[in-house]
Amino acid sequence: MRALIPALALMFAFDASAAETLDDKLHTIDIDLGNVENRLRLLEREIANPVAQSRFYSLEKRLIDARVYFDLKNYAKAAILYMDAVSNTQFEGHPERTETLFRLGYSLYKLRNYIAAREYLSAVVDGAGGPRYGQALRYLIEIGLETRNALGLEAAVARAGRQSSRTPDAQYAYAKGLFRLGQTAKSLAEFGRLNSGSRQYIASQYYLGVALTEKKQWKPALAAFARVLALDATTKKDKQIRELAHLATGRLHLELGDFTQAINAYQEIGRHSEHFH
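It should be emphasised that the depicted structure is a prediction, and the values quoted were computed from it without experimental measurement.

**Some words on the packing of helix H12 (residues 218–229) against helix H13 (residues 236–255)**
How two helices sit against one another is set out by the angle between their axes and by the gap between those axes.
Now for step 1: Running from amino to carboxyl end, H12 crosses H13 at an angle of 150°, the nearest separation of the two axes being 9 Å. With respect to their mutual orientation, H12 and H13 come out roughly antiparallel. Once H12 is placed against H13, the crossing between them reads as left-handed. Contact residues: Trp218, Ala221, Leu222, Phe225, Val228 and Leu229 in H12; Ile241, Arg242, Ala245, His246, Ala248, Thr249, Leu252, His253 and Glu255 in H13.
Now for step 2: Of the residues belonging to the contact of H12 with H13, the class tally is 10 nonpolar, three polar and two charged.

**Considering helix H5 (residues 97–110)**
Now for step 1: Here H5 is 14 residues long and its end C-alpha atoms lie 20 Å apart, about the 20 Å a rise of 1.5 Å per residue gives.
Now for step 2: Extensive coverage of H5 is indicated by the burial of 10 of its 14 residues.
Now for step 3: When we look at burial in H5, the residues that qualify are Thr100, Leu101, Phe102, Arg103, Leu104, Gly105, Tyr106, Ser107, Leu108 and Tyr109.
Now for step 4: In the core, the buried residues of H5 are packed alongside helix H3 (59–71), helix H4 (75–86), helix H6 (114–125) and helix H7 (133–146).
Now for step 5: Positive phi shows up at Arg112, right after H5, with a value of about 65°.

**Looking at the pattern of salt bridges**
Now for step 1: Enumeration over the complete set of coordinates arrives at 15 salt bridges.
Now for step 2: When the shortest N-O distance is used, the salt bridge between Arg138 and Asp169 registers 3.5 Å. Separated by 31 residues along the polypeptide, Arg138 in helix H7 and Asp169 in helix H9 (residues 168–180) bring together distant segments of the chain. This pair shows no difference in class: Arg138 is buried, exactly as Asp169 is.
Now for step 3: Asp169 is the salt-bridge partner of Arg199, the closest N and O atoms lying 2.8 Å from each other. Taken as a pair, Arg199 in the loop between helix H10 (184–191) and helix H11 (201–214) and Asp169 in helix H9 lie far apart in primary sequence, 30 residues in all.
Now for step 4: Sharing partners across several salt bridges, the network here consists of Arg67, Asp71, Glu99, Arg103 and Arg132.

Calculation criteria
- Residues numbered from 1 in each chain as written.
- Predicted model: local features only at pLDDT ≥ 70, side-chain atom pairs only at ≥ 80, totals over all residues.
- Heavy atoms only, no water.
- Axes fitted to C-alpha atoms, helices over the stretch in contact; angles between N-to-C directions.
- Helix = DSSP H or I, 4+ residues; strand = E, 2+ residues; numbered from the N terminus.
- Parallel < 35°, antiparallel > 145°, perpendicular 65-115°, else oblique.
- Left-handed = near helix turned anticlockwise from the far one by under 90°.
- Contact = heavy atoms within 4.5 Å.
- Nonpolar A, V, L, I, M, F, W, Y, C, P; charged D, E, K, R; others polar.
- Expected span 1.5 Å × (residues − 1).
- Buried < 20%, exposed > 50% of the residue type's maximum accessible area, 1.4 Å probe, protein only.
- Salt bridge = Lys/Arg side-chain N within 4 Å of Asp/Glu carboxyl O.

In structure tokens form, the structure reads like this:
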């Protein structure tokens, strides 16, 4: 029996030592797993971040990813990736340079970063022309219309005036630009060039009525507002323009002393409209 005691003591000592070694190994494994998880989370954040992501991919991959974000109307992420691409040393001679500059400028325009947008859209206009020339010029005019100091508006309108043809959207912007610059008579003619099939027709007729009102041509102005009211308003913007046309019609009837017609026009404005007061 006494001979068994040292043997048992040795066995328990061995078991205790093995347990300690096993605990140490398990602790080491836990640390390694924790490090792997941390690295995976870091990689996940980098993949989700377009700035970090751009470090791993070529210029072409950045442009493809930017195009995806652009098509999804995620203009913030598109602008980040396009700006990264533009700053790449390989970009200067890229075959999609003009298209990329336009998309970057447009993205910044949609984000209301007008100064930066103007820089890239101007680069498109100052380039060799191409299919994006007229569109870039249109948004340069829109930037001038959106900013209080009419940023670059006069130069953009002058350039648009030298074009032999314009898309309906560009034509509408050009006419608005002329009106903003005080060239009312010329703007009347340019608004009149938009046909009834254009999606900007309702807005152009409203502007035409405003321009005619400014020239105190009451009856032609009423006719322009009547054309607005005769059309179906399918978008939120068009519905707002219709309400403005009712309001303008009421004011013109007051000017002409036709109070009944003025009241009828005002009653067409819904009680929940921002123009009802």
